[in-house]
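The chain contents come next:
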Amino acid sequence: MSMREKTVTRLDSNYMHQYDVYIERQKRKKQRLIRRLVLFSLIALLAIGSLTTYHFKQRDLRAEKMEEYEQLQDELATLKKDEKNMKEEITLLNDEEYVLEIARTNYFFSKEGELIFNIPQEKPSY
């Protein structure tokens, strides 16, 4: 079929004028609706994107804090063990017999009439 020209003339009546206004109004409403939907979609995407980014940053931060917490717990356990050893050593150092025994073995102190012989700990090389 070839292109035909419209041969029907348009009547300029009050009804046709109102109909044209109505159609134009409907087009504008549809256009405004599309604009609002696009704007709302953009805002929703921005909000979801920012919340997702915030969520992943918080997860990373929490993982770092948990790792640091575990390291500090290990360090605390070590320090408590050291504290216990130090307290035991303090109680032993308050005992005079223990201090004299250390002085005899490390610093060659002797009791009256006692002779100390220094015996080497290593095996002879010959």
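Keep in mind that this is a model prediction, so the values were computed, not measured.

Thresholds, definitions, all that
Residues numbered from 1 in each chain as written. Predicted model: local features only at pLDDT ≥ 70, side-chain atom pairs only at ≥ 80, totals over all residues. Heavy atoms only, no water. Helix = DSSP H or I, 4+ residues; strand = E, 2+ residues; numbered from the N terminus. Areas by Shrake-Rupley, 256 points an atom, 1.4 Å probe, with all protein chains shown as cover. Lys, Arg positive; Asp, Glu negative; His and termini not counted. Charge placed at Lys NZ, Arg CZ, Asp CG, Glu CD. Salt bridge = Lys/Arg side-chain N within 4 Å of Asp/Glu carboxyl O. Expected span 1.5 Å × (residues − 1).

1. Points about the overall build of the protein
Assigned secondary structure in the protein consists of two helices and zero strands. For the protein, the accessible surface area stands at approximately 13300 Å², while carbon and sulfur atoms represent 58% of it. Charged side chains of the protein number 22 positive and 22 negative; the gap between the two group centres comes to 30 Å.

2. Structural notes on the pattern of salt bridges
Between side chains of opposite charge, a pair can form as their charged atoms come close. Scanning the entire structure with this criterion turns up one salt bridge. The closest approach of N and O atoms between Glu 83 and Lys 87, which form a salt bridge, is 3.6 Å. Residue Glu 83 and its partner Lys 87 are both found in helix α1 (residues 14-93); the two are separated by four residues, about one turn of the helix.

3. Re helix α2 (residues 96-107)
Its twelve residues give α2 an end-to-end C-alpha distance of 16 Å, which sits within 8% of 16 Å, the value for a rise of 1.5 Å per residue. Phi turns positive, to about 60°, at Phe 108, one or two residues after α2.

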